[in-house]
Amino acid sequence: CIVVTNHADQFQKNQRKLALSVITWIILFAAISLGVLNIQYKTWTSVIALFGLALLCIPIIVLNSYNYYTSSGILLSFIILIVVSISLYDGDGILDPAGILAYPICIICGSLLLGKRFVPFFLFGSIASLFSLVYLERAGFIHPTIHEARFSDLTPIIIVLLVTSLIVWFIINNVEKNLERVKSTNAELYKNYN
């Protein structure tokens, strides 16, 4: 029974490690592409943040290859959240549609990589970042080209983030329960076979 469970756990760890590696490479190339794109808009803070993200992906890939999966996943998610916040700060704040789309992606990727217990952390981090951006805009540190944001503008964004978090939590919960059932069934089959 223990052999089957250990084999299933090792398989799951290897799959998560592979997924983190692939996602980190995708983020690395996306950060470089978006950094090059932002050069034409002369948003230098965003350019530096995006190229910094690309550079930081390299040690994350190395950490992951040495089986520091959880640390790598947390670090990657945290850095993405910071870069998204910096890009919105450098752009149109919470009224920047491309930047706002990054928050649900951050919640989804981080939660899928690290599990359902991290969903509240990613949700809280995203909401805290949004409130900070509105506060900075109201204080005059962000100068959007559209119009000045209000805290009431956060309502639909927070609803979308809550819905995203609940859906992701539900999906991950089902996957984890099904995996436990498979482990249990395999253990019973192994026991009956012996």
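Here is a short report on the structure shown in this document. (Residues numbered from 1 in each chain as written. Predicted model: local features only at pLDDT ≥ 70, side-chain atom pairs only at ≥ 80, totals over all residues. Heavy atoms only, no water.)

### Some points on the packing of helix α5 (residues 119-138) against helix α6 (residues 154-193)
Remark: α5 packs on α6, axes separated minimally by 10 Å, with the N-to-C direction vectors making an angle of 170 degrees. Compared by their axis directions, α5 and α6 come out roughly antiparallel. Residues Val 119, Leu 123, Ser 126, Ile 127, Leu 130, Phe 131 and Val 134 of α5 lie in contact with α6, whose contacting residues are Leu 154, Ile 157, Ile 158, Leu 161, Leu 162, Ser 165, Val 168 and Trp 169. When the residues that make up the contact of α5 with α6 are grouped by side-chain class, the tally is 13 nonpolar, two polar and no charged. (Axes fitted to C-alpha atoms, helices over the stretch in contact; angles between N-to-C directions. Helix = DSSP H or I, 4+ residues; strand = E, 2+ residues; numbered from the N terminus. Parallel < 35°, antiparallel > 145°, perpendicular 65-115°, else oblique. Contact = heavy atoms within 4.5 Å. Nonpolar A, V, L, I, M, F, W, Y, C, P; charged D, E, K, R; others polar.)

### A short note on a nonpolar patch on the surface
On the surface, a nonpolar cluster with roughly 690 Å² of combined accessible area is contributed by Leu 55, Ile 58, Val 62, Leu 63, Tyr 66, Tyr 68 and Leu 75. Here the element with the most residues in the nonpolar patch is helix α2 (residues 44-65); it accounts for four residues. The residue Leu 55 is located in helix α2 in this model. (Patch = residues over 30% accessible without salt bridge, like charges linked within 9 Å, V, L, I, M, F, W, Y side chains within 5 Å. Areas by Shrake-Rupley, 256 points an atom, 1.4 Å probe, with all protein chains shown as cover. Salt bridge = Lys/Arg side-chain N within 4 Å of Asp/Glu carboxyl O.)

### Topic: the environment of Trp 169
The residue Trp 169 is located in helix α6 in this model. As for Trp 169 and Val 119, which are separated by 50 residues in sequence, their C-alpha atoms are 6.6 Å apart. Not counting residues within four places of it along the chain, the set of residues in contact with Trp 169 comprises Lys 116 and Val 119.

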